[in-house]
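If you want the building blocks of each chain, they are given just below.
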Amino acid sequence: MSKDTLSITDNRTDRQYEIPIEYDTIRALELRQIKVKEDDFGMMTYDPGYTNTASCKSRITFIDGAKGILRYRGYPIEQLAEQSTFLEVAYLLIFGELPSKKELDYWVYRIMRHTYIHENLADMIKSFRYDAHPMGILVSTIAAMSTLHPEAKQIHDPQVRLKQIWRILGKLPTVAAFAYRHRIGRPYNYPNSTLGYTGNFLYMLDYMNQSDYEVNPVLAKALDVLFILHADHEQNCSTSVMRAIGSSHADPYSAMAGAAAALYGPLHGGANEAVLRMLNEIGDVKNIPAFMERVKKREVRLMGFGHRVYKNYDPRAKIIKKIAHQVFEVTGTNPLLDIALELERIALSDEYFIERKLYPNVDFYSGIIYQAMGFPTDMFPVLFALGRASGWLAQWVELLEDPEQRIARPRQIYLGPGERDYVPVDQR
Ligand code: CMC
């Protein structure tokens, strides 16, 4: 008997089954042969939230949650954050290898050539209410892009796919900046591709016709590193949505609008916004013990803590903490930092958090940096989306090139009523 199998005994029937094991995994469909009666459906697994279900084989991002390791295509996140740039990392995620100098120059050139958006899209952003959440604007605008680029439906043509990738990476910062300018009632700044990816983004956000306007290189670099840290995180909620919508062969804009909507939620990309609201609500270091009591009574969650995968310090949080200090040297310190540091100190020494392996995640400090840079709180998840777009695209391409992938269509355990007859309304 081969060793790479799992022996299962069904105690209902005393029948034995040998299920092949590959990569420490069994194929769920192998369980279907396990039946009591011949006409049974067969066995399934039940896994709400997919906590122990692999939905794909991937070569993009590796995470060891217990050891706090994150690598993109094999490269440690710490090395990429220190030595690479966001657009180079985006290339690495999508194509699998670091680009040559020539490949990188062409990649950056193509993306920066796609920073302008269709005027219809700019008009659409203008039509939102003055206080519209920029994440709502981003989700709608990405969906609307599908109507402006109908050839994007040709998802099996690699050249067409590549063009949409340039477009999406090029245009998202423009959409995000316009959404912000709309919210603060200022005219839009059209892109200036000579300023680099994050430099151009800061320019579109901030430029006010100053003759001496210059992008602050420390802030542009900090944003670039934050984008790298958020670029991919394997099969998280929004990426799973990108793959699920992509599996129906929808165009990438429609799939990405869904992914961005998933990112909007406070348990995912909305967490950095929620951290800031929480720190403001706590208001002072002296209020922390009372807040922690509420957390332990499960009345509130300590936002920015805990992760489905990391049961150790999130490696991204370590890098972010370092960037925070560089940013504060430019912007001046943020009073919320003291509250955050004290919360972290208490949480890391408190039995409740230790027992549950709850450590700061990527969002615990990113919000404080964004606030120091002058971003309003509701822009935080938008910034997360700008970085994560590269990962969504890489995962989408991998899905389309994987012959084993089929339309996402989970099963359910039906517990509702059996068949019953319809009763007309006047007889109920
Ligand atoms: N504060 C207090 N208790 C917590 C927290 C928290 N932030 N997170 C988990 N717990 C407790 C939870 O109550 C449970 O305790 P018990 O077993 O006694 O009921 C235990 O820890 C396990 O929690 P869970 O909800 O089963 O864990 P999960 O893997 O389903 O949830 C999570 C992961 C990230 C949704 C959760 O930790 C959370 O809500 N954190 C706060 C929101 C947050 O910061 N999200 C950003 C995640 S990082 C960015 C991203 O990738 O999107």
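Since we're looking at a predicted model, the values are computed, not measured.

Analysis parameters
- Residues numbered from 1 in each chain as written.
- Predicted model: local features only at pLDDT ≥ 70, side-chain atom pairs only at ≥ 80, totals over all residues.
- Heavy atoms only, no water.
- Core = buried A, V, L, I, M, F, W, Y, C linked by side-chain atoms within 4.5 Å.
- Buried < 20%, exposed > 50% of the residue type's maximum accessible area, 1.4 Å probe, protein only.
- Helix = DSSP H or I, 4+ residues; strand = E, 2+ residues; numbered from the N terminus.
- Domains from an automatic or database assignment.
- Contact = heavy atoms within 4.5 Å.
- Buried area = accessible area lost by both parts, 1.4 Å probe.
- Salt bridge = Lys/Arg side-chain N within 4 Å of Asp/Glu carboxyl O.
- Polar contact = N/O pair within 3.5 Å; in protein donor to acceptor, adjacent residues only side chain to side chain.
- Pairing = 2+ DSSP bridges.
- Phe/Tyr/Trp six-rings, centres within 6.5 Å; stacked < 30°, edge-to-face > 60°.

Q: Give me the lowdown on the nonpolar core, citing residues and values where you can.
A: Membership of the largest hydrophobic core comes to 127 residues, with the highest contact counts inside it found for Trp 107, Phe 201 and Phe 375. Here this core takes 14 residues from helix 17 (residues 380–401), the largest share from any one element. Looking at this core, you find at least three residues from each of domain 1 (74–268 + 379–400) and domain 2 (271–372). When residues no more than four places from it in sequence are discounted, the contact partners of Phe 375 are Phe 201, Leu 202, Leu 205, Leu 223, Tyr 370, Phe 380 and Leu 383.

Q: So what about the domain arrangement of the protein chain? Which residues, and what values?
A: For the protein chain, the assigned domains read domain 1 (74–268 + 379–400) and domain 2 (271–372). With centres defined by C-alpha atoms, the gap from domain 1 to domain 2 works out at 26 Å. Across the contact, 23 residues belong to domain 1 and 24 residues belong to domain 2. Regarding the contact of domain 1 and domain 2, the summed buried area is about 1,900 Å², with carbon and sulfur atoms giving 71% of it. The largest share of the area that domain 1 buries against domain 2 comes from Leu 229, His 233 and Phe 380, three residues that together contribute 32% of it. Linking domain 1 to domain 2 there are zero salt bridges. Summed over the shared surface of domain 1 and domain 2, the number is four residue pairs in polar contact (both at pLDDT 80 or more).

Q: An account of the sheet that holds strand 5 (residues 75–76) is needed here, citing residue identities and associated values.
A: If you walk across this open sheet you meet the three strands as 3-4-5, and the pairing is antiparallel. Every interior strand has two partners, whereas the edge strands, strand 3 (61–64) and strand 5, have only one. Direction of pairing for strand 4 (residues 69–72) relative to strand 5: antiparallel, over a ladder of two bridges. Within strand 5, the residue paired with Arg 71 across the bridge is Pro 76.

Q: Tell me about the packing of aromatic side chains, and name the residues and values.
A: Under the defined criterion, the tally for this structure stands at 22 aromatic pairs. With a centroid separation of 6.5 Å and an interplanar angle of 35 degrees, the aromatic rings of Tyr 106 and Tyr 109 are classed as tilted. Placement of both Tyr 106 and Tyr 109 in helix 3 (residues 101–112) is noted, with a separation of three residues, approximately one turn of the helix. On the numbers, 5.7 Å between centres and 35 degrees between planes, the contact of Tyr 116 with Tyr 190 is tilted. Placement of the pair is Tyr 116 in the loop between helix 3 and helix 4 (119–126) and Tyr 190 in the loop between helix 6 (158–183) and helix 7 (197–206), with a sequence separation of 74 residues.

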